Amino acid sequence: MHTDLTRLNADLVLEGGGVKGLGLVGAVTALHEAGYAFPRVAGSSAGAIVASLVAALQAAGEPVDRLDEIVRAVDLRRLPDLGGLGRVPVVGRALALLVHDGMHEGRYLEDFLTGALGELGVRTFGDLVVPDDDPAAEGLPPGRRSRLVVTVSDLSRSRLARLPWDLPDYGADELSVARAVRASAAIPFFFRPVRRPTPTGTATWVDGALLSNFPVELFDRSDSADPRWPTFGVRLTTRPPTPPVTRRVEGPLAIGFAALDTLLTDQGSAYLDDRCTVERTVFVPTDGVSIVDFDIDEATSERLRVAGESAAREFLAGWDFAAHVRRCRSTGTDVNAAASDRP
């Protein structure tokens with residue numbers, strides 16, 4: 001499907017945040033209802049899950065409004081799935097962590113995405129290539145013409161991998177989208193990492209949020225030409241300088257996951273000093289919910305969705321693309337997306 005020029009366009013970058021990612025669904029839905037289409041979408045972890053569905057829906061010519069319907073079909077309680085060792089009473093999770101480097105398999109998520117994306121005609125990144133005659137492809141090198149970019153943290157090479165952009169570095173031309181998203185959402189120690197054979201050894205991929213939880217600059221152009229449309233970021237935190245909620249953390253597992261949650265949430269805090277980044281970011285309040293709260297009730301799930309919708313509407317009420325470009329060009333900050341990406 002070609003980019004719909006009858007709608008407003010914005011590339012989209014979605015932050016990771018585990019279960020808190022339900023807020024992304026509300027935000028994306030509200031942006032779409034306001035008239036936006038998304039030529040390219042990127043995300044880490046939970047952001048990668050939502051981004052993959054948005055990209056697939058648009059590629060299939062389906063309304064982005066279906067995003068909420070698809071995500072509601074996910075059984076959150078099945079996401080922390082236990083394999084054989086994990087089912088051993090008392091010590092199962094510890095054994096799975098020691099043997100498989102993760103307590104949970106992550107198979108349910110990958111199988112769900114394989115089915116959901118497959119129904120939309122998307123199996124590999126090759127199914128998400130922007131056609132040459134699509135306006136969104138203008139000026140992009142062939143290796144960057146993807147509707148979707150998923151980030152993963154490559155522990156074997158101590159680097160961030162941007163898929164499918166960096167696939168040639170791994171001696172590959174194709175990759176299952178569901179597999180890439182599964183890797184991007186592999187919270188260290190909680191889910192098993194994804195192993196990827198390469199010509200120089202086996203790569204170990206885990207949660208993309210570990211190295212880049214909010215890669216808002218991903219589609220920024222480096223030349224001096226005016227952007228054709230903006231990049232919107234969506235973060236799962238309150239807009240600065242709103243004080244966060246303080247929650248109780250007790251017990252070794254709770255402290256471990258809270259430490260990881262803090263790392264992922266605070267990792268993008270450097271962007272908060274950049275006025276131009278803050279201006280183009282939707283801030284979804286998700287206080288009181290942990291990245292691994294897979295047993296949250298329906299009321300909490302709905303609260304996160306509604307928070308995303310409200311945050312996006314509030315953002316759009318004050319959004320002025322022309323003014324944003326003038327301010328950020330004058331400060332030398334790369335604005336957003338379109339004809340050429342960084343090498």
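So, how was this worked out
- Residues numbered from 1 in each chain as written.
- Predicted model: local features only at pLDDT ≥ 70, side-chain atom pairs only at ≥ 80, totals over all residues.
- Heavy atoms only, no water.
- Patch = residues over 30% accessible without salt bridge, like charges linked within 9 Å, V, L, I, M, F, W, Y side chains within 5 Å.
- Areas by Shrake-Rupley, 256 points an atom, 1.4 Å probe, with all protein chains shown as cover.
- Salt bridge = Lys/Arg side-chain N within 4 Å of Asp/Glu carboxyl O.
- Helix = DSSP H or I, 4+ residues; strand = E, 2+ residues; numbered from the N terminus.
- Buried < 20%, exposed > 50% of the residue type's maximum accessible area, 1.4 Å probe, protein only.
- Contact = heavy atoms within 4.5 Å.
- 1 Å grid on protein atoms, 1.4 Å probe; cavity = no way out; pocket = protein on both sides within 12 Å on 5 of 7 lines; lining within 4 Å.
- Points joined across faces, edges and corners; volume = space filled by probe spheres on them.
- Nonpolar A, V, L, I, M, F, W, Y, C, P; charged D, E, K, R; others polar.
- Phe/Tyr/Trp six-rings, centres within 6.5 Å; stacked < 30°, edge-to-face > 60°.
- Disulfide = S-S within 2.5 Å.
- pLDDT = per-residue confidence, 0-100.
- Expected span 1.5 Å × (residues − 1).
- Arc of directions from axis to C-beta.

**Q** Teacher, can you tell me more about a nonpolar patch on the surface here?
**A** A cluster of nonpolar side chains, Val 91, Leu 95, Leu 98 and Val 99, forms an exposed patch at the surface whose accessible area comes to about 360 Å². For Leu 98, the position within the fold is in helix α4 (residues 92–100). On the accessibility criterion, Leu 98 (70% relative accessible area) is exposed.

**Q** Help me understand the pattern of salt bridges in this model?
**A** When the charged atoms of two side chains lie near each other, side chains of opposite charge can form a pair. Per the counting criterion, the structure on display carries 24 salt bridges. Across the salt bridge formed by Arg 313 and Glu 33, the nearest N and O atoms sit 3.6 Å from each other. In this pair, Arg 313 is assigned in helix α10 (residues 298–317) and Glu 33 in helix α1 (residues 22–33), connecting sequence segments 280 residues apart. Relative accessible area serves as the criterion here: at 45%, Arg 313 is assigned to the partly exposed category. Its relative accessible area of 51% is what places Glu 33 among the exposed residues. As a salt-bridge pair, Glu 105 and Arg 107 come within 3.8 Å of each other at their nearest N and O atoms. In this structure Glu 105 comes out as buried when scored by relative accessible area, which is 18%. One salt-bridge network, in which partners are shared between bridges, spans Asp 68, Arg 72, Glu 298, Glu 302 and Arg 305.

**Q** Sorry if this is basic, but what is going on with the environment of Asp 68 here?
**A** Examined against the element boundaries, Asp 68 turns out to sit in helix α3 (residues 66–72). Between the alpha carbons of Asp 68 and Val 50 there is a distance of 9.7 Å; along the sequence they are 18 residues apart. Excluding residues within four positions of it along the chain, Asp 68 makes contact with Val 25 and Arg 305.

**Q** Help me understand empty space enclosed by the protein in this model?
**A** Once rolled over the atoms, a probe with the size of a water molecule shows which space is left empty. Taken as a whole and assessed by the stated rule, the structure comprises two cavities of 30 Å³ or more. Roughly 380 Å³ of internal volume is contained in the largest cavity. In terms of lining, the largest cavity is formed by 23 residues, of which the most central are Gly 18, Ala 46, Ile 49, Leu 79 and Leu 109. Looking at the lining of the largest cavity, the elements that each hand over two or more residues are α1, α2 (46–59) and α5 (107–119). Here the lining of the largest cavity gets four residues from one element, more than from any other, and that element is α2. Looking at side-chain class alone, the lining of the largest cavity contains 18 nonpolar, four polar and one charged residues.

**Q** So what exactly am I meant to see when it comes to the packing of aromatic side chains here?
**A** Geometry of an aromatic ring pair is reported as the spacing of the ring centres plus the angle between the planes. Taken as a whole and judged by the stated rule, the model has 11 aromatic pairs. Pairing Phe 232 with Phe 315 gives two aromatic rings, centres 5.0 Å apart and planes at 80 degrees, and the pair type is edge-to-face. One end of the pair, Phe 232, is in strand β11 (residues 231–235); the other, Phe 315, is in helix α10, and 83 residues separate them in sequence. Of the two residues examined, Phe 232 and Phe 315, each falls in the buried class. Seen in terms of ring centroids, Trp 319 and Phe 321 are 6.2 Å apart; in terms of plane orientation they differ by 20 degrees. Their pairing is stacked. Since its relative accessible area comes to 22%, Phe 321 is described here as partly exposed. A connected cluster of aromatic rings, assembled from ring pairs, spans Tyr 36, Phe 232, Phe 315, Trp 319 and Phe 321.

**Q** What is the right way to read the state of the cysteines from this model?
**A** Each disulfide consists of a covalent bond between the sulfur atoms of two cysteine residues. Counting across every chain of the model gives one disulfide. Note on cysteine connectivity: Cys 276 is disulfide-linked to Cys 328, with sulfurs 2.1 Å apart. Torsion about the S-S bond of the Cys 276 and Cys 328 cystine: about -115 degrees, corresponding to left-handed handedness. Taken together, the positions of Cys 276 in helix α9 (residues 275–279) and Cys 328 in helix α11 (residues 321–330) put the pair 52 residues apart, joining distant regions of the chain. For the pair Cys 276 and Cys 328, a shared accessibility class is recorded, and that class is buried.

**Q** Help me understand the confidence of the model for the chain, please; the structure alone is not making it clear to me.
**A** In low-pLDDT segments, the atomic positions of the prediction should not be examined closely. Averaged over all residues, the pLDDT of the chain equals 86, while 83% of them reach at least 70. Low pLDDT, under 50, characterises residues 1–6; the predicted model gives this stretch 14 contacts beyond four residues in sequence or across chains. Predicted confidence is poor over residues 331–343, with pLDDT under 50, and the contacts of this stretch with residues over four places away or in other chains come to 64 contacts.

**Q** What should I look at first to understand α10 in this one?
**A** Every α-helix carries 3.6 residues per turn, so stepping three or four residues along brings you back to the same face. Helix length check: α10 (20 residues) gives 29 Å between terminal C-alpha atoms against 28 Å at 1.5 Å per residue, within 8%. Along α10, the residues classified as buried are Thr 300, Ser 301, Leu 304, Arg 305, Ala 307, Gly 308, Ala 311, Ala 312, Phe 315 and Leu 316. What you see down the axis of α10 is that its buried residues fit within an arc of 160 degrees, all on one side. Opposite the packed face of α10, turned more than 90 degrees from it, sit the exposed residues Ala 299, Glu 314 and Ala 317.

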